[in-house]
Amino acid sequence: MSLALTPEDIAGLQAWTGRTETLEDTATLAPLRGLAATLDIDAPFGAGSPVPPLWHWLYFLPQAPQSQIGPDGHPRRGGFLPPVPLPRRMWAGSQLEWTPGNPLRAGDAIRRTSRIASVTHKQGRTGEMVFVKVEHQIANAQGPALVDRHDIVYRSPPQPGEPAPAPTAAEAGATWQKEWLPDAVMLFRYSALTFNGHRIHYDRPYVTQEEGYPGLVVHGPLIATLLMDLVREHCTGRTVTGYQFRAVRPTFDGRPMRVNGTPAADGRSVRLWAQDADGWLTMTAEATLA
């Protein structure tokens, strides 16, 4: 049976709107080199090297004590994020903007100021959903470097016999394409690099028996990073000033996936999308270039 949120519950969650949190970190080299190895990128990172777009997700990692980890591997609800009681949690998308001329660099002391921008309750076809938008402003000693807005969705538990959402066929005829084969090792390495304990990415019995998925779930941010890597490969020397992505459908390990891109005629943006082994659309994105 679905959990029912009362009007009082919803008002209590929405009271989190406006809360802030500030964290400090250092843009160290080890995670940059680790992600480069995971993605088979031959990049000689050294002190002062620019942090590639989206790789700031390697910093400001959640470090909840082991005693505060919930049954899904996430930190128990509460703290900075509102304590939404719905069990399924997903990073559904982001919108990012980079400050021209001030990239994060390896070795930088960095600061992230986060704010709960909104908490919205909706009743969907398969149950209740709560959307939380979090705005992260990241700066170094030179000033603001980027703004990263996260859309987090919490959903009701799966119901017996619940039909899967109808898939959408991915567009054909991309200008750029690249195939990846996400496996358990790749997902484990990315989970380790981002200190992500969510069990859907590495615990096959849990993800198939408790959450009802057919396999390990490929991280949404990893797919977003693979899409951005397509821009890196084909737009050498260009600077990314904006990026947005939206998760459409889960991708599972053990079968090939494809990332696609088509640049705009004026060369100022790139339309991007990912598809699974069956050709279904799994993520859409757009990169804006200086």
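Not measured: the values here are computed from a predicted model.

Rules of the game
Residues numbered from 1 in each chain as written. Predicted model: local features only at pLDDT ≥ 70, side-chain atom pairs only at ≥ 80, totals over all residues. Heavy atoms only, no water. Helix = DSSP H or I, 4+ residues; strand = E, 2+ residues; numbered from the N terminus. Buried < 20%, exposed > 50% of the residue type's maximum accessible area, 1.4 Å probe, protein only. Contact = heavy atoms within 4.5 Å. Areas by Shrake-Rupley, 256 points an atom, 1.4 Å probe, with all protein chains shown as cover. Lys, Arg positive; Asp, Glu negative; His and termini not counted. Charge placed at Lys NZ, Arg CZ, Asp CG, Glu CD. Polar contact = N/O pair within 3.5 Å; in protein donor to acceptor, adjacent residues only side chain to side chain. Pairing = 2+ DSSP bridges. Axes fitted to C-alpha atoms, helices over the stretch in contact; angles between N-to-C directions. Core = buried A, V, L, I, M, F, W, Y, C linked by side-chain atoms within 4.5 Å. Parallel < 35°, antiparallel > 145°, perpendicular 65-115°, else oblique. Left-handed = near helix turned anticlockwise from the far one by under 90°. Nonpolar A, V, L, I, M, F, W, Y, C, P; charged D, E, K, R; others polar. Phe/Tyr/Trp six-rings, centres within 6.5 Å; stacked < 30°, edge-to-face > 60°. Expected span 1.5 Å × (residues − 1).

Chemist: Describe the overall build of the protein, naming the residues involved and giving the relevant values.
Modeler: From N to C terminus, the protein includes 5 helices and 10 strands. Seen through its C-alpha atoms, the protein measures out along the principal axes to roughly 55 × 45 × 35 Å. For the protein, with 290 residues in total, the buried portion stands at 45%. Considering only contacts within the protein whose residues lie at least 6 apart along the sequence, 71% involve residues at least 24 apart. For the protein, the accessible surface area stands at approximately 14200 Å², while carbon and sulfur atoms represent 54% of it. Treating the 27 positive side-chain charges of the protein as one cloud and the 28 negative ones as another, the clouds have centres 2 Å apart.

Chemist: If you had to explain the side chain of H219 to someone new, which residues and values would you point to?
Modeler: Here H219 shows up in the loop between α4 (204–209) and α5 (220–234). Within polar-contact distance, the side chain of H219 engages the side chain of S191 at 2.8 Å. With residues near it in sequence (within four places) discarded, H219 still touches L187, Y190, S191, N196 and H201.

Chemist: Residue-level account of unusual backbone geometry, with values.
Modeler: In this structure, D40 is a non-glycine residue whose phi angle is positive, near 55°. If you trace the backbone, D40 turns up in the loop between α2 (29–38) and β2 (88–98). For D40, a relative accessible area of 71% gives the class exposed. Notably, F195 is not glycine yet its phi reads approximately 50°, a positive angle. By secondary structure assignment, the location of F195 is in the loop between α3 (184–193) and α4.

Chemist: Which residues make up the sheet that holds strand β8 (residues 257–263), and what values go with them?
Modeler: The strands making up a sheet associate through hydrogen bonds between their backbones, and the pairing can be parallel or antiparallel. Pairing is antiparallel in the open sheet, where 10 strands are placed in the order β1-β3-β4-β5-β2-β7-β10-β9-β8-β6. Pairing within the sheet leaves two strands with one partner each, and these edge strands are β1 (20–26) and β6 (176–180). Strand-to-strand twist in this sheet, taken as the mean axis angle between neighbours without regard to direction, amounts to 20°. Where α5 meets the sheet, it contacts β2, β6, β7 (240–247), β8, β9 (269–275) and β10 (281–289), and its direction lies at approximately 135° from that of β6.

Chemist: Account for the nonpolar core, with residues named and values stated.
Modeler: Nonpolar side chains in soluble globular proteins tend to be buried together. Residues L39, W55, L227, V231, Y243 and L272 are the most contacted members of the largest nonpolar core, which totals 57 residues. Residue contributions to this core peak at 8 residues, all from α5. Excluding its chain neighbours within four sequence positions, the residues that come into contact with L39 are W55, W180, M186, L222, T225 and L226. Listed in part, the 13 residues of the second largest apolar core include I10, L13, V119 and V134.

Chemist: How would you explain the packing of α2 against α3 if you had to name every residue and give the values?
Modeler: The interhelical angle for the contact between α2 and α3, taken along N-to-C directions, is 165°, at an axis separation of 10 Å. Put simply, α2 runs roughly antiparallel to α3. Between α2 and α3 lies a crossing of left-handed hand. On α3, the residues touching P31, G34, L35, A37 and T38 of α2 are M186, R189, Y190 and L193. The class makeup of the residues in the contact of α2 with α3 is 6 nonpolar, 2 polar and 1 charged.

Chemist: Pulling in residues and values, what's your account of the packing of aromatic side chains?
Modeler: To describe a pair of aromatic rings, you give the distance between the ring centres and the angle between the ring planes. A full pass over the atoms with the stated rule returns 6 aromatic pairs. Ring geometry for W57 against F245: centres 6.2 Å apart, planes inclined by 75°, an arrangement best described as edge-to-face. Taken together, the residues span a long stretch of sequence, with W57 in the loop between α2 and β2 and F245 in strand β7 at a distance of 188 residues. By relative accessible area, W57 is classed as buried at 10%. Ring centres 6.4 Å apart and planes at 40° place the aromatic pair Y243 and F245 in the tilted group. For the pair Y243 and F245, a shared accessibility class is recorded, and that class is buried.

Chemist: Break down α5 for me, citing the residues and quoting the values.
Modeler: Its 15 residues give α5 an end-to-end C-alpha distance of 22 Å, which sits within 8% of 21 Å, the value for a rise of 1.5 Å per residue. By the burial criterion, the buried members of α5 are G220, P221, L222, I223, A224, T225, L226, L227, M228, D229, L230 and V231.

Chemist: Can you tell me about the pairing of β8, naming the residues and giving the values?
Modeler: Most of β8 sits out of view: 5 of its 7 residues are buried. Examined bridge by bridge, β6 and β8 share 5 bridges and lie antiparallel to one another. Following the sheet pairing, W180 is matched in β8 by M257. Summarising the sheet, β8 and β9 pair through 6 bridges and their orientation is antiparallel. Residue N260 lies in a different strand from β9, and its bridge partner there is W273. In textbook terms, the turn of a hairpin is the stretch between consecutive antiparallel strands, and for β8 and β9 this stretch comprises 5 residues, one of which, G267, has a positive phi near 75°.

The quantities given are spatial measurements derived from coordinates; they are silent on function.
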